[in-house]
Amino acid sequence: DVKVTQSSRYLVKRTGEKVFLECVQDMDHENMFWYRQDPGLGLRLIYFSYDVKMKEKGDIPEGYSVSREKKERFSLILESASTNQTSMYLCASSPGSPNYGYTFGSGTRLTVV
Amino acid sequence: SQKIEQNSEALNIQEGKTATLTCNYTNYSPAYLQWYRQDPGRGPVFLLLIRENEKEKRKERLKVTFDTTLKQSLFHITASQPADSATYLCALDEENYGQNFVFGPGTRLSVLP
């Protein structure tokens, strides 16, 4: 089974801190995605990547950056955490074919205080 | 503007009945539509894909229809069980080649014993 592993389940950070959220997939998937999920707003795409060292902005990239140095790893960086970035963060990967859908990690619930 | 709507935020049904969830979209022309299940505090899990040229798809107790004229997909769970209680999300491919999917807000289904 494909596994997408997110480094932390719960994280509490202070305003202004630089935050790294790590995501690793083990099935050689081409595509990787970062979403945040908030009640009433659904899943919103932050950034995605179709290849190593490639990144594209999603719908809400402001305040975030990403890094994909290796195919299996896609990192989300909050340059200077703010309280409005408190959210559930979900990483996903896909092989590029729609037949298999996205495989999501379990999520990181980030609280910025 | 583009929009995906799912029939209601929450749906309660009695065990053994058929649950029907609706996904309507505006200003998209997807070639593919997917359905996911999400349990509280977890990432979504891919269930089914249906293509624009397929009217219906079945998988065990699940049935999905896709009407590109009505711009609607229906998701049915027959003989529903309390274990089917979860949030169900539809997703459609934004750029019509199956790489990048945009998600609906979800419907929270509760199957009552």
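Bear in mind the structure is a predicted one, so any value in this text is a computation, not a measurement. (Residues numbered from 1 in each chain as written. Chains lettered and ligands numbered in written order. Predicted model: local features only at pLDDT ≥ 70, side-chain atom pairs only at ≥ 80, totals over all residues. Heavy atoms only, no water.)

Caption draft 1: How the structure looks around the pairing of strand β10 (residues 87-94) of chain A. Residue and element names in this part refer to chain A. For β10, the buried fraction is high: eight of the eight residues fall into the buried class. Burial of β10 is two-sided: the residues Ser87, Tyr89, Cys91 and Ser93 facing one way and the residues Met88, Leu90, Ala92 and Ser94 facing the other way are all buried. Note: strand β5 (residues 31-38) against β10, seven bridges, orientation antiparallel. Paired with asparagine 31 across the bridge in β10 is serine 94. (Buried < 20%, exposed > 50% of the residue type's maximum accessible area, 1.4 Å probe, protein only. Helix = DSSP H or I, 4+ residues; strand = E, 2+ residues; numbered from the N terminus. Pairing = 2+ DSSP bridges.)

Caption draft 2: Examining the state of the cysteines more closely. Residues and elements named next belong to chain A. A full pass over the atoms with the stated rule returns two disulfides over all chains. Between cysteine 23 and cysteine 91 runs a disulfide, and the two sulfur atoms are separated by 1.9 Å. Between cysteine 23 and cysteine 91 the sulfur-sulfur dihedral comes to about -75°; the bridge is accordingly left-handed. Remark: cysteine 91 occurs in strand β10 and cysteine 23 occurs in strand β4 (residues 23-25); sequence separation between them is 68 residues. (Disulfide = S-S within 2.5 Å.)

Caption draft 3: Representation of the pattern of salt bridges in the model. For the structure shown, the criterion picks out 13 salt bridges over all chains. A salt bridge links arginine 37 of chain B to aspartate 39 of chain B, with the shortest nitrogen-to-oxygen separation between them at 3.0 Å. The class for aspartate 39 of chain B is partly exposed, based on a relative accessible area of 29%. Ionic contacts of the salt-bridge type, sharing partners, join the residues Asp28, Glu30 and Lys71 of chain A into one network. (Salt bridge = Lys/Arg side-chain N within 4 Å of Asp/Glu carboxyl O.)

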